Amino acid sequence: MEIEGRAGLNVQKKGIVKQPDPVKPPPNNTEEEDTDCKGMQKEALNRSNAWEPTVFYSLGNETFFFTGQIINIRESLDSFGAVIWPGAVALCQYLEKNREQVDLLDKAVLELGAGTGLVSIVASLLGAWVTSTDLPDVLSNLNFNLSRNTRGRCRYTPQVATLVWGQDVKREFPSSIYNYDYVFCADVIYHHNFLEDLLITMQYFCKPGTTLLWANKVRFQSDLRFIENFKNVFNVTLLEEIPQEEVRIYQATARTSAQMREEEKRENQRHV
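Everything numeric here is computed off the predicted structure, so don't read it as measured data.

Draft legend 1. How the structure looks around the pattern of salt bridges. Enumeration over the complete set of coordinates arrives at 6 salt bridges. Linking Asp-168 and Arg-171 is a salt bridge whose minimum nitrogen-to-oxygen distance equals 3.5 Å. Taking relative accessible area as the criterion, Arg-171 reaches 57% and is therefore assigned exposed. Here Glu-241 makes a salt bridge to Arg-248, at a shortest N to O gap of 3.6 Å.

Structural data, given as structure tokens:
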């Protein structure tokens, strides 16, 4: 659902903003909720002992258990973005298992193509200040899931905002004010015509000092071509591969000016 308003204004409607706040707010005051949260976590942990695996399916709803919390996700068959895909689950598992390597406490996190919001929820529960983005027709369900699973549980209240991949992102999210410690992407490549726009958007937000984590199931030849293009523009590390799910998790950082000059030099030498 698109929100009408002048560019640059933080126009809110049912928790969704057109232009998200670029400045991290002070942490929420959770002192009054500590006792209740600890009780909920204990109950959830007790229940989890009888739960295996940590994902349960019902019509239109999935239940997960991450970071000591029960997470209920509402799905919809109206859009690919309203369904949970394996890359999102894999990235959440990775974040939970590797909290020391990926310390999200007080970090600014942007999720591209957030879909149902599972990754954004887990990042919020791990202490991050999250801006969760997707196309307008996905935002209502995304906002519903984030609200129901983070209210009273998180150090920061996550934001939900429209973000369309491509060149216009420079106008909607000027780099002078929008900066993130992490960019998360899960199952953002599949059979669609916006892979070039996605790569442009990844490059735009993954600046020096930013770490991009991307998890995806490899389904098509076009996915493999995108991976090669991805490796050509970032410093890339394969963090984890899950063969049974055909999912890979990559870490990427921006190339330095010196690296780009050296690559250009090698490319020129090949054509001499």
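Draft legend 2. Representation of the packing of helix α2 (residues 86-97) against helix α3 (residues 118-125) within the structure. Running from N to C, α2 and α3 cross one another at 10°; their axes reach a closest spacing of 9 Å. With respect to their mutual orientation, α2 and α3 come out roughly parallel. Touching Ala-88, Val-89, Leu-91 and Cys-92 of α2 are Leu-118, Val-119 and Val-122, all from α3.

Draft legend 3. Structural view of the environment of Ile-242. By the element assignment, Ile-242 lies in strand β11 (residues 234-242). On the accessibility criterion, Ile-242 (11% relative accessible area) is buried. C-alpha separation for the pair Ile-242 and Lys-217, spaced 25 residues apart in sequence, amounts to 9.1 Å. Setting aside anything within four residues of it in sequence, one finds Ile-242 in contact with Ala-90 and Val-247.

Conventions adopted
Residues numbered from 1 in each chain as written. Predicted model: local features only at pLDDT ≥ 70, side-chain atom pairs only at ≥ 80, totals over all residues. Heavy atoms only, no water. Salt bridge = Lys/Arg side-chain N within 4 Å of Asp/Glu carboxyl O. Buried < 20%, exposed > 50% of the residue type's maximum accessible area, 1.4 Å probe, protein only. Axes fitted to C-alpha atoms, helices over the stretch in contact; angles between N-to-C directions. Helix = DSSP H or I, 4+ residues; strand = E, 2+ residues; numbered from the N terminus. Parallel < 35°, antiparallel > 145°, perpendicular 65-115°, else oblique. Contact = heavy atoms within 4.5 Å.

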